[in-house]
Amino acid sequence: MPKTIRNQYDKYLTYEILMLCHKKCRRGKALRENVVRFDLRKEDYILYLYQSLKDGTYKHGSYKTFYVYEPKKRMIEASKYIDRIVHRWYVDYFIIPNFVPQFIPTTYACIKDRGMHYSAVDLQKAMKKAKKEWGEYYILKMDIAKYFQNIDKEILLKILERKIKDKKIMWLTKEIIYSKKEKVRDSNRKL
């Protein structure tokens, strides 16, 4: 049975860790207006974030939804910068150590030391093996349209509850999953 997550929330909730998450979030974005404003009072904001996460009063802000058109039309949902710090903390300290080791070896997206190039090399190895074993083979390339928008949140939570037994982490999970969207706006800017 997979390892369950228990008593981890308070263990990793420190001012120092939240500040480290802020530093990771600002990489490559340090000159954006919202990041500069945050940086001017980062100690106050991180302390506020720490306190609200500690006492359970944290409320995830709404997602700003807009479209970009390069390389193709895509809908983007962007959270506020302070919420991205919480996402970074959540992913780095709860998701990566507890879920990623259980992924199959051919999972590539958003995983450190894996990605597009690693997957391309892996695919080439698999193609050579298929050619050697069967001679003729077929490859199916597919994309599931609007995959993330169609995930049933109730089913997702039931799956997560089997592994996450820490009530505070489940509270934060629900806070993130059920946060609201703002109105969709069109944008021609590149990300």
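For the structure, see preceding data.
First things first, this report covers the structure right here in the doc. Bear in mind the structure is a predicted one, so any value in this text is a computation, not a measurement. (Residues numbered from 1 in each chain as written. Predicted model: local features only at pLDDT ≥ 70, side-chain atom pairs only at ≥ 80, totals over all residues. Heavy atoms only, no water.)

**Some words on the pairing of strand E1 (residues 63-68)**
Quick reminder of the rule: DSSP bridges decide pairing: two strands pair if at least two such bridges lie between them. Elements are defined by DSSP. Helices are runs of H or I of four residues or more, strands are runs of E of two residues or more, and each kind is numbered from the N terminus.
Where E1 meets strand E2 (residues 74-78), five bridges bridge the pair, whose relative direction is antiparallel. Bridge pairing in E2 links Lys 64 to Ala 78. Hairpin connection from E1 to E2: five residues lie between these consecutive antiparallel strands.

**Looking at helix H8 (residues 167-177)**
Applied cut-off: Accessibility here uses a 1.4 Å probe with only protein chains present; expressed as a share of the type maximum, an area under 20% marks a residue as buried, one over 50% as exposed, and anything in between as partly exposed. The contact criterion used is simple: two residues touch if any of their non-hydrogen atoms lie within 4.5 Å. Think of a polar contact as two N or O atoms within 3.5 Å of one another; within protein, one of them needs to be a possible hydrogen donor and the other a possible acceptor, and neighboring residues in sequence only count if both atoms come from side chains.
For H8, the set of buried residues is Ile 169, Met 170, Leu 172, Thr 173, Glu 175, Ile 176 and Ile 177. Looking at the buried side of H8, the elements it contacts are helix H1 (9-12), helix H4 (42-54), E1, helix H5 (81-99) and helix H7 (153-163). Capping the start of H8, Asp 166 holds a side-chain oxygen 3.0 Å from the backbone nitrogen of Lys 168, two or three residues further along.

**Re the packing of helix H2 (residues 15-26) against H4**
Going by this rule: Working convention: axes come from line fits to C-alpha atoms, limited for helices to the stretch in contact. Angles between N-to-C directions cover 0 to 180 degrees. If an angle is under 35 degrees, it is roughly parallel; if it is over 145, roughly antiparallel; if it lies from 65 to 115, roughly perpendicular; otherwise it is oblique. Should the near helix be turned anticlockwise from the far one by less than a right angle, the crossing is termed left-handed; should it be turned clockwise, right-handed.
Between H2 and H4, whose axes approach to 10 Å, the crossing angle comes to 120 degrees. Taken as axis vectors, H2 and H4 run oblique relative to one another. Crossing of H2 over H4 shows right-handed handedness. Contacts between H2 and H4 involve Tyr 15, Leu 18, Met 19 and His 22 from the first element and Lys 42, Glu 43, Ile 46, Leu 47, Leu 49, Tyr 50 and Leu 53 from the second.

**A closer look at the nonpolar core**
As a reminder of what qualifies: Note on terminology: a nonpolar core comprises buried Ala, Val, Leu, Ile, Met, Phe, Trp, Tyr and Cys residues joined through side-chain atoms within 4.5 Å.
Grouped together as the largest cluster of nonpolar side chains are 33 residues, with contacts concentrated most on Leu 53, Ile 85, Trp 89, Ile 164 and Leu 172. Looking at this core, the elements that each hand over two or more residues are H2, helix H3 (33-40), H4, H5, H7 and H8. Counting residues per element, this core draws most heavily on H5, which supplies nine residues.

**Topic: H3**
Note the threshold: To be clear, the arc concerns the directions from the helix axis to the C-beta atoms.
Along H3, the residues that are buried comprise Val 35, Phe 38 and Asp 39. Along the axis of H3, the buried residues cluster in a sector spanning 100 degrees; they form a single face. The outward face of H3, more than 90 degrees from its buried face, is lined by the exposed residues Glu 33 and Leu 40. The elements touched by buried residues of H3 are H2, H4 and H5.

**Looking at the packing of aromatic side chains**
For any pair of aromatic rings, the description rests on two quantities: the centre-to-centre distance and the angle between the ring planes. We apply this condition: Classification of ring pairs rests on two measures: the distance between centres of Phe, Tyr or Trp rings, Trp counted by its six-membered ring, which must be within 6.5 Å, and the angle between planes, read as stacked under 30 degrees, edge-to-face over 60 and tilted in between. Here, a charge over a ring is recorded when the distance from Lys NZ or Arg CZ to the ring centre is within 6 Å and its angle to the ring normal is within 35 degrees.
The tally for this structure, following the rule as stated, stands at ten aromatic pairs. Ring geometry for Tyr 9 against Trp 89: centres 5.3 Å apart, planes inclined by 75 degrees, an arrangement best described as edge-to-face. On the criterion of sequence distance, the pair formed by Tyr 9 in helix H1 and Trp 89 in helix H5 is long-range, its members being 80 residues apart. For the pair Tyr 9 and Trp 89, one class covers both residues: buried. One aromatic cluster is present, built from ring pairs that chain together Tyr 9, Tyr 12, Trp 89, Tyr 90, Tyr 93, Phe 94 and Trp 171. Here the basic side chain of Lys 73 rests over the ring of Tyr 67, its NZ or CZ set 4.7 Å away from the ring centre.

**Here's the deal with the packing of H3 against H4**
To keep things clear, this is the line we draw: Each residue is assigned to one class: nonpolar for Ala, Val, Leu, Ile, Met, Phe, Trp, Tyr, Cys and Pro, charged for Asp, Glu, Lys and Arg, and polar for all the others, Gly among them.
In the contact formed by H3 and H4, the axes pass within 5 Å of each other and the chain directions differ by 85 degrees. For the element pair H3 / H4, the angle class is roughly perpendicular. Residues Arg 37, Phe 38, Asp 39 and Leu 40 of H3 lie in contact with H4, whose contacting residues are Lys 42, Tyr 45 and Ile 46. Partitioning the contact of H3 with H4 into residue classes produces four nonpolar, no polar and three charged.

**A closer look at the environment of Lys 24**
For Lys 24, the location among the structural elements is in helix H2. Considering only alpha carbons, one finds Lys 24 and Phe 38, 14 residues apart in sequence, at a separation of 14 Å. Once residues within four sequence positions are removed from consideration, Lys 24 is found in contact with Arg 88 and Asp 92.

**Observations concerning unusual backbone geometry**
Backbone torsion omega between Glu 70 and Pro 71 reads -5 degrees, so that peptide bond is classified as cis. As for its placement among the helices and strands, Pro 71 is situated in the loop between E1 and E2. Even without being glycine, Asn 7 reaches a positive phi, approximately 50 degrees. Of note, Asn 7 is situated in the segment before H1. A positive phi is found at Asp 113, a non-glycine position, where the angle reads about 65 degrees. Within the fold, Asp 113 resides in the loop between H5 and helix H6 (116-134). With relative accessibility at 67%, the residue Asp 113 sits in the exposed group.

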